[in-house]
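# Structural overview
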Amino acid sequence: MALLSPLSASAQTPYRGPLFDAHLHYNDEACAFPGACPYPISEVLAMMQRSGVRAIIANSRPNDGTKSLAAARDETRRAGVTVVPFVRLYRNRADYSGWFADETIHTMVQQELAAGTAAGPYRGLGEFHLYDSANADGPVAAKLVRLAQARGLAVLAHVDDVAIDKLMAHAPQARVIWAHTGIGGVPVERVRGLLQRYPLLIGELSYRPGLTAGGGGLSAEWQALLNEFPERFVVGSDTWINGRWSGYETLMAEARRWLGDLPPATARRIGWGNGARLFGLPDPD
């Protein structure tokens, strides 16, 4: 008798609908310049197309990668991929550690927002990191989340649960996409409490500890949470290093696997509909 892999032995029918990748980076190491471009736009779009990804939140370090994706309008149209551009707060890796108090970052963001992209205006800010939750009270962090609220921009935030409270205190109506639904594996009960407290908070599920159990299916506690809040989660790839690009199609297949453990309508909301609704995208053909 042939042996089955652990995934195929336990898998339900995977989700087959469109995907909205709500956490994607096209950083300089993926395609710094034409002479050193291990993942050219044609290749990344082909991976998305094979994976059934029909829209992406694009952000990059620096913002040149996002602008390149936005400018490739003929290619993205042929691939059936909508680019939703975000302004990232980093010009280089050094900016990760001090952006929240750096006025030049505030100036850069304003300049980017004024210029927009070939695909239209920026729709959000981030991803940004706060490795110490106290830095959510930094002057630039506070100004930028208030700016996002005032302009109707979403915010992609890589922070812990304490920083979520702090950011929302600055801008209670900000539309925050919580990268990984918390760093360090925030307990499910704490996640549930924050979703109840902040009706506009959205959890993004890449790298989320405890999300899946044996065979790649949903763990019991996360299956319960996603069914309780079907309109409050999105999927993502988090292609922050080239290794994530090399495994992009596997990452998307893994998301389809655990989405298949949900009722079909819930799977489509999390896989596609919640992200599409957030940015006013129509259902794909």
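What counts and how
Residues numbered from 1 in each chain as written. Predicted model: local features only at pLDDT ≥ 70, side-chain atom pairs only at ≥ 80, totals over all residues. Heavy atoms only, no water. pLDDT = per-residue confidence, 0-100. Helix = DSSP H or I, 4+ residues; strand = E, 2+ residues; numbered from the N terminus. Contact = heavy atoms within 4.5 Å. Salt bridge = Lys/Arg side-chain N within 4 Å of Asp/Glu carboxyl O. Buried < 20%, exposed > 50% of the residue type's maximum accessible area, 1.4 Å probe, protein only. Phe/Tyr/Trp six-rings, centres within 6.5 Å; stacked < 30°, edge-to-face > 60°. Lys NZ or Arg CZ within 6 Å of the ring centre and 35° of its normal. Expected span 1.5 Å × (residues − 1). Arc of directions from axis to C-beta. 1 Å grid on protein atoms, 1.4 Å probe; cavity = no way out; pocket = protein on both sides within 12 Å on 5 of 7 lines; lining within 4 Å. Points joined across faces, edges and corners; volume = space filled by probe spheres on them. Nonpolar A, V, L, I, M, F, W, Y, C, P; charged D, E, K, R; others polar.

### Brief notes about the confidence of the model for the chain
Residues of the chain with pLDDT of at least 70 account for 95%, and the chain-wide mean is 94. Least confident of the elements in the chain is helix 1 (residues 6-10), whose mean pLDDT is 40; most confident is strand 8 (residues 233-234), at 99. Low confidence marks residues 1-10, where pLDDT is under 50. Its contacts with residues over four positions away, or in another chain, come to seven contacts.

### Considering the pattern of salt bridges
Oppositely charged side chains are able to pair whenever their charged atoms sit close together. Across all of its chains, the model carries 20 salt bridges by this definition. Of the charged contacts in the structure, one is a salt bridge between Glu189 and Arg192, with a shortest N-O distance of 2.3 Å. With Glu189 and Arg192 both in helix 8 (residues 188-197) and three residues apart, the pair spans about one turn of that helix. A relative accessible area of 55% means that Glu189 is categorised as exposed. Note on Arg192: relative accessible area 13%, which makes it buried. Between Arg269 and Glu231 there is a salt bridge; the shortest N-O distance is 3.8 Å. On the criterion of sequence distance, the pair formed by Arg269 in helix 12 (residues 264-279) and Glu231 in the loop between helix 9 (220-228) and strand 8 is long-range, its members being 38 residues apart. Overall, the relative accessible area of 42% leaves Glu231 in the partly exposed class. Each of Asp28, Glu29, Arg61 and Arg93 takes part in salt bridges that share partners, so that together they form one network.

### Side note on the packing of aromatic side chains
Following the criterion strictly, the structure yields ten aromatic pairs and no others. Arranged with centres 6.1 Å apart and planes meeting at 15 degrees, the rings of Phe20 and Phe279 form a pair that is stacked. Placement of Phe20 in strand 1 (residues 19-25) and of Phe279 in helix 12 is noted, with a sequence separation of 259 residues between them. You can call Phe20 buried: its relative accessible area is 2%. Residue classification places Phe279 among the buried positions, given a relative accessible area of 4%. Ring geometry for Trp99 versus Phe100: centroids 6.1 Å apart, planes at 75 degrees, classification edge-to-face. A single burial state applies to Trp99 and to Phe100, both of which are buried. An aromatic cluster is present here, built from Phe20, Phe86, Trp272 and Phe279 joined pairwise through their rings. When the ring centre of Tyr207 is taken as origin, the NZ or CZ atom of Arg244, which lies over that ring, is 4.1 Å away.

### As for helix 5 (residues 103-115)
Its 13 residues place the ends of helix 5 19 Å apart at the C-alpha level, agreeing with the 18 Å of an ideal helix rising 1.5 Å per residue. Among all positions of helix 5, only Ile105, His106, Met108, Val109, Glu112 and Leu113 are buried. One side of helix 5 carries all its buried residues, which in axial view fall inside an arc of 160 degrees. Exposed side of helix 5, more than 90 degrees from the buried face: Gln111, Ala114 and Ala115 are the residues found there. Check the buried side of helix 5 and you find it contacts helix 3 (64-71), strand 3 (82-87), strand 4 (124-129) and helix 6 (139-151).

### Observations regarding the layout of surface pockets
There is about 320 Å³ of room inside the largest pocket. As for the largest pocket, its lining consists of 18 residues, of which Leu205, Tyr207, Leu211, Glu254 and Trp258 are closest to the centre. Broken down by element, the residue count for the lining of the largest pocket peaks at six residues, all from helix 11 (residues 248-259). In the lining of the largest pocket, the residues fall into nine nonpolar, five polar and four charged. By volume, the second largest pocket amounts to about 210 Å³. Lining of the second largest pocket is provided by 18 residues; of these, His129, His158, His180, Asp238 and Trp240 occupy positions nearest its centre. Among the residues forming the lining of the second largest pocket, the class breakdown is six nonpolar, seven polar and five charged.

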